[in-house]
Amino acid sequence: MPLYVVFRRASRIGKRQETEKNDEANMAQTDRTLAAAGFLVGYALLIGFTDNYVRVIAEDTGLWQFHATRTLMAMALLAVLVPVLKLNPRPVHLRNVVGRSLIHGSAMVIYFGALAFLPVAIVAAGLFTAPIFVLLISRFVYGHHIGPVRIMAVAIGFVGVVLVLGPEAMAGASAAALLPIAAGALYALGNIATREWCSEESAETLLAGFFLALGAIGVLGMIVLALLPVPVADGPAGFLLRGPVWPSTTFLFWTFVQAAGSLLGVGLMIRAYQITEASRASVIEYVILPASALWSWIIWGETLSTVAWLGMALIVSAGAMIALRAKAQEGTALA
């Protein structure tokens, strides 16, 4: 065999091996589940803290005014951060960003709307069916391989959610109880869209889209309730149907805390869904329940039962299963 042919074949083999190594490295960089887990823990701690003060905001103001005001504050903060941090909120694919924002916004509208006539436990249990929908959509719509470990993790995590929420979460099932499940399905679709539709978008682009969608919905709700006011109960019970009112200093302060915390927290969550598969991130996101319970204990002195703590242990175990399994797979791919 001529010597030049040998060299040419050797060169081709070397290039092919280098390409394969680069592809494996890119895959490891693209799907970084442990890093996503860290982002989601930060997100859970921030959102768990800020959401504990929604009860203070709800004392004398409405949900729609809250969303509209929080969006104004969040966008003002983002406008300040853009030149300082040299961020780029301009969308690469505007249609995809709008679609994802509307899906997530609709999920939150249904979620909060269901709170008007369903117990919080049932609504929360419905929303946290999202990982199951993520699993189904990822498998049957996008054709992703879903191994037995992730299927088991979803099952364990959901059992943990039910234990945390208590038996009342599974009681009183009715047609109305399907609304939170619909919110969970939309939330799952929005999370999948973060990676499948918007992987090229910056976190600040998706943040802006998310807040603008909720702000627009909030303004629309304020207009409707201003034109067609309805009697509302005092305190948090009137949160959903309360129209626009003159904001108090307490409302403005805690809404600003919400805006700042949500801006950073949701940004961390978005980044997590961009760097790992939604079926992995959605299970790890269960950590928001124990984080919220921790803040409830620190701030309000509220404690949980032994069964609830067992549920949290299952939730953490589910997240650990996903993260460690993904790390093992990445290590095998690079070996």
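These numbers come from a predicted model, not from an experiment.

Thresholds applied
- Residues numbered from 1 in each chain as written.
- Predicted model: local features only at pLDDT ≥ 70, side-chain atom pairs only at ≥ 80, totals over all residues.
- Heavy atoms only, no water.
- Patch = residues over 30% accessible without salt bridge, like charges linked within 9 Å, V, L, I, M, F, W, Y side chains within 5 Å.
- Areas by Shrake-Rupley, 256 points an atom, 1.4 Å probe, with all protein chains shown as cover.
- Salt bridge = Lys/Arg side-chain N within 4 Å of Asp/Glu carboxyl O.
- Helix = DSSP H or I, 4+ residues; strand = E, 2+ residues; numbered from the N terminus.
- Axes fitted to C-alpha atoms, helices over the stretch in contact; angles between N-to-C directions.
- Parallel < 35°, antiparallel > 145°, perpendicular 65-115°, else oblique.
- Left-handed = near helix turned anticlockwise from the far one by under 90°.
- Contact = heavy atoms within 4.5 Å.
- Buried < 20%, exposed > 50% of the residue type's maximum accessible area, 1.4 Å probe, protein only.
- Expected span 1.5 Å × (residues − 1).
- 1 Å grid on protein atoms, 1.4 Å probe; cavity = no way out; pocket = protein on both sides within 12 Å on 5 of 7 lines; lining within 4 Å.
- Points joined across faces, edges and corners; volume = space filled by probe spheres on them.
- Nonpolar A, V, L, I, M, F, W, Y, C, P; charged D, E, K, R; others polar.

Peer 1: Help me understand a nonpolar patch on the surface in this model?
Peer 2: Together, Val 219, Leu 220, Ile 223, Val 224, Leu 227 and Leu 228 give the surface a local cluster of nonpolar side chains, amounting to about 590 Å² of exposed area. Relative to the assigned elements, Ile 223 resides in helix H10 (residues 203-227).

Peer 1: Where do I start with unusual backbone geometry in this structure?
Peer 2: For residues that are not glycine, phi is negative in most cases, and the peptide bond is trans in most cases. One non-glycine residue with positive phi stands out, namely Lys 86, at about 55°. Within the secondary structure layout, Lys 86 lies in the loop between helix H4 (63-85) and helix H5 (94-114).

Peer 1: Explain the packing of helix H9 (residues 178-196) against helix H11 (residues 249-275) here, please?
Peer 2: Angle between the axes and distance between the axes: these two values describe a pair of packed helices. In contact at an axis separation of 7 Å, H9 and H11 are set at 65° when each is read in the N-to-C sense. As far as their axial angle goes, H11 and H9 are roughly perpendicular. Here H9 runs over H11; the crossing is right-handed. Along the contact surface, H9 presents Tyr 187, Asn 191, Thr 194 and Arg 195, while H11 presents Met 269, Ile 270, Tyr 273, Gln 274 and Ile 275.

Peer 1: Just to check I follow, could you spell out the environment of Thr 255 for this structure?
Peer 2: Along the chain, the position of Thr 255 falls in helix H11. Taking the relative accessible area as the measure of exposure, Thr 255 reaches 0% and is therefore buried. With 184 residues separating them in the primary sequence, Thr 255 and Thr 71 have C-alpha atoms 9.6 Å apart. Not counting chain neighbours up to four residues away, the residues in contact with Thr 255 comprise Ile 57, Phe 66, Thr 69, Arg 70 and Met 73.

Peer 1: What is the right way to look at H5 in this model?
Peer 2: An α-helix turns once per 3.6 residues; consequently, residues spaced three or four apart project the same way. Helix length check: H5 (21 residues) gives 30 Å between terminal C-alpha atoms against 30 Å at 1.5 Å per residue, within 8%. For H5, the full list of buried residues reads Val 97, Arg 100, Ser 101, Ile 103, His 104, Gly 105, Ala 107, Met 108, Tyr 111, Phe 112 and Ala 114.

Peer 1: When you look at empty space enclosed by the protein in this model, what are you seeing that I'm missing?
Peer 2: Empty space left among the atoms is revealed by rolling a probe the size of a water molecule over them. Counted under the stated rule, the structure contains one cavity of 30 Å³ or more. Empty space within the largest cavity amounts to approximately 40 Å³. Mapped by element, the contributors of at least two residues to the lining of the largest cavity are H9 and helix H12 (278-284). Broken down by element, the residue count for the lining of the largest cavity peaks at three residues, all from H9. Grouping the constituent residues of the lining of the largest cavity by class yields two nonpolar, three polar and three charged.

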